[in-house]
Amino acid sequence: MFKAVKELNKKQQENLKVEDTNGKLAINPNDTLNIVASFFKEKFQTETATEIEAFTGPLRKLHQPITKEEVKKSFDNLNNNRAPGEDGIHAELLKYGTQELNEQIAKLLNQTFERHENLDINAGELITIPKPGKPKGPPKNLRPITLLNTI
């Protein structure tokens, strides 16, 4: 019975309504995606931004490797009930994981730093929600949210 009540009270997800630069409503989901992506790309990406070059020095062990205790301490600071990023890993999985998980992640991070591998920590999934009280249509009336990888 509780499941049925929950289903009845669940809000229906409304399709995103977005207008192009001419004020024409996008019908095709791909058009909507392109309009929103180009709007936020223009808003947040700058021509003057420079990428930090990867470290290319000799491979060597870390002077002070990351410990499983440090990993556990950082996981304990994660907030519950947050949407995961592209990796699909929920914070609770890391937060309440075993010591073996903490040990393996510490080992993985240490190896990544020792080998100068890319962590790709800037990868995220951009989602948008309509701003409350604003008319639907213009991309400027969307609130961007970036879902980052939990790790």
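What you see is a predicted model; the values in this text were computed from it and never measured. Counting of residues starts from 1 at the beginning of each chain's written sequence and follows it residue by residue. Side-chain atom pairs in this predicted model are given and counted only at pLDDT of 80 or more, local residue features only at pLDDT of at least 70, and totals for whole chains, interfaces and linings cover all residues. To get the side-chain values, take all heavy atoms of the structure and skip hydrogens and water.

Participant: Give me the side chain of Thr 112: which residues, what numbers.
Facilitator: Assignment of secondary structure puts Thr 112 in helix H5 (residues 99-114). Residue burial is assigned from relative accessible area. The probe radius is 1.4 Å, only protein chains are included, and a residue is buried under 20% of its type maximum, exposed over 50%, and partly exposed in between. Look at Thr 112 and you get buried, because its relative accessible area is 7%. Among the polar contacts listed, one links the side chain of Thr 112 to the backbone oxygen of Leu 108, at a separation of 2.7 Å. Whether two residues are in contact is decided by their heavy atoms, any of which lying within 4.5 Å being enough. Dropping the residues within four chain positions of it, Thr 112 is found in contact with Glu 117 and Leu 119. A run of H or I in DSSP counts as a helix once it spans at least four residues, and a run of E counts as a strand once it spans at least two, with each numbered from the N terminus. Counting of polar contacts relies on pairs of N or O atoms within 3.5 Å, with two restrictions inside protein: one atom must be capable of donating a hydrogen and the other of accepting it, and residues adjacent in sequence are counted only when both atoms are side-chain atoms.

Participant: Account for the packing of aromatic side chains, naming residues and giving values.
Facilitator: For Phe, Tyr and Trp, where Trp contributes only its six-membered ring, two rings pair if their centres lie within 6.5 Å, and the inter-plane angle classes them as stacked under 30 degrees, edge-to-face over 60, or tilted in between. Applying the stated criterion to the full structure yields 2 aromatic pairs. Look at Phe 39 and Phe 40: their rings are 5.0 Å apart centre to centre, the planes differ by 80°, and that puts the pair in the edge-to-face class. Given a relative accessible area of 25%, Phe 39 falls into the partly exposed group. When the ring of Phe 40 is compared with that of Phe 44, the centres are 6.0 Å apart and the planes differ by 10°; the resulting orientation is stacked. With Phe 40 and Phe 44 both in helix H2 (residues 29-44) and 4 residues apart, the pair spans about one turn of that helix. On the accessibility criterion, Phe 40 (5% relative accessible area) is buried. By relative accessible area, Phe 44 is classed as exposed at 56%. Chaining the aromatic ring pairs together yields one cluster made of Phe 39, Phe 40 and Phe 44.

Participant: Outline the environment of Asn 81, supporting the account with residue identities and numerical values.
Facilitator: Among the structural elements, Asn 81 can be located in the loop between helix H3 (68-76) and helix H4 (91-95). Residue class for Asn 81 comes out exposed when judged on its relative accessible area of 73%. Taking the C-alpha atoms as reference points, Asn 81 and Gly 124, separated by 43 residues in sequence, lie 18 Å from one another.

Participant: Go over the pattern of salt bridges with me, naming the residues and quoting the values.
Facilitator: Salt bridges are identified by distance alone: a Lys or Arg side-chain nitrogen within 4 Å of an Asp or Glu carboxyl oxygen. Considering all chains together, one arrives at 3 salt bridges under this definition. Among the ionic pairs, Glu 103 bridges to Lys 68, the shortest N-O distance being 3.8 Å. Placement of the pair is Glu 103 in helix H5 and Lys 68 in helix H3, with a sequence separation of 35 residues. Residue classification places Glu 103 among the partly exposed positions, given a relative accessible area of 38%. The partly exposed category is assigned to Lys 68, whose relative accessible area is 29%. A salt bridge links Lys 72 to Asp 76, with the nearest nitrogen and oxygen atoms 2.9 Å apart. Taken together, the positions of Lys 72 and Asp 76, both in helix H3 and 4 residues apart, correspond to about one turn of that helix.

Purely geometric numbers; function is a separate question.
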